[in-house]
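Structural characterization, general
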Amino acid sequence: MKKVVIWLVRGYQRFISPLFPPSCRYYPTCSNYMIQAVTVHGFFKGTLMGVSRIFRCHPFVHGGLDYVPLHFSLARNKKDKIQPNYQENSKRKHH
C-alpha cells in the first residue's frame, strides 16, 4: 500500500502540480512530506500525517519548516530545525 500512495503522489507531482503556480507554505512541500511520512511511518500512520499536513496548509498559516517527525504526530513539527536522520532512526528500531 505504501507504494500505491507514493505512486499517486508522484503522479500528482508530475502531472497535476505543474498546472498551478507554486503555493506551498511549508518546506518540504506537502507532497514530499506525504512521501516521507509514508516511507518513515508506514502506510496508515504516514497517510494520516500527510493528510493532516494538507489540512494545515491554508492561506492563514505562517508556514515554514515542518519536517516529518521521527515519532508519529499529527501536529506540526516545531522541534526539528534540520531534517532528522530517518535512516539512523530506522536502524535503531530494528536492533
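Reading the values: the criteria
Residues numbered from 1 in each chain as written. Predicted model: local features only at pLDDT ≥ 70, side-chain atom pairs only at ≥ 80, totals over all residues. Heavy atoms only, no water. Helix = DSSP H or I, 4+ residues; strand = E, 2+ residues; numbered from the N terminus. Buried < 20%, exposed > 50% of the residue type's maximum accessible area, 1.4 Å probe, protein only. Contact = heavy atoms within 4.5 Å. Axes fitted to C-alpha atoms, helices over the stretch in contact; angles between N-to-C directions. Parallel < 35°, antiparallel > 145°, perpendicular 65-115°, else oblique. Left-handed = near helix turned anticlockwise from the far one by under 90°. Nonpolar A, V, L, I, M, F, W, Y, C, P; charged D, E, K, R; others polar. Phe/Tyr/Trp six-rings, centres within 6.5 Å; stacked < 30°, edge-to-face > 60°.

1. A few points about the side chain of Arg56
- For Arg56, the location among the structural elements is in helix H3 (residues 43–56).
- Among the residues examined, Arg56 registers a relative accessible area of 15% and is labelled buried.
- When residues no more than four places from it in sequence are discounted, the contact partners of Arg56 are Tyr26, Tyr33, Val61, Asp66, Leu74, Ala75 and Arg76.

2. Some thoughts on the packing of helix H1 (residues 2–16) against helix H2 (residues 30–41)
- Direction vectors running N to C along H1 and H2 enclose 165 degrees, while the axes themselves pass 10 Å from each other. With respect to their mutual orientation, H1 and H2 come out roughly antiparallel. Seen along the crossing, H1 lies across H2 with a hand that is left-handed. On H2, the residues touching Lys2, Val5, Ile6, Val9, Arg10, Tyr12 and Gln13 of H1 are Ser31, Asn32, Met34, Ile35, Val38 and Thr39.
- When grouped by side-chain class, the residues that make up the contact of H1 with H2 number 7 nonpolar, 4 polar and 2 charged.

3. Describing the packing of aromatic side chains
- For the structure shown, the criterion picks out 1 aromatic pair.
- An angle of 90 degrees between the planes, with centres 6.2 Å apart, marks the rings of Tyr27 and Tyr67 as edge-to-face. Residue Tyr27 is located in strand E1 (residues 26–27), and its partner Tyr67 is located in the loop between strand E2 (64–65) and helix H4 (86–94); the two are separated by 40 residues in the primary sequence.
- Tyr27 gets classed as exposed once you look at its relative accessible area, which sits at 51%.

4. Quick word on the packing of H2 against H3
- Put simply, H2 and H3 touch, their axes get as near as 7 Å, and they point 155 degrees apart. Of the possible angle classes, the one that applies to H2 and H3 is roughly antiparallel. Considering the relative orientation of H2 and H3, their crossing is right-handed. In this structure, H2 uses Cys30, Tyr33, Met34, Ala37, Val38 and His41 to contact H3, whose residues at the interface are Phe43, Lys45, Gly46, Thr47, Met49, Gly50, Val51, Arg53, Ile54 and Arg56.
- Counted by class, the contact of H2 with H3 contains 9 nonpolar, 4 polar and 3 charged residues.

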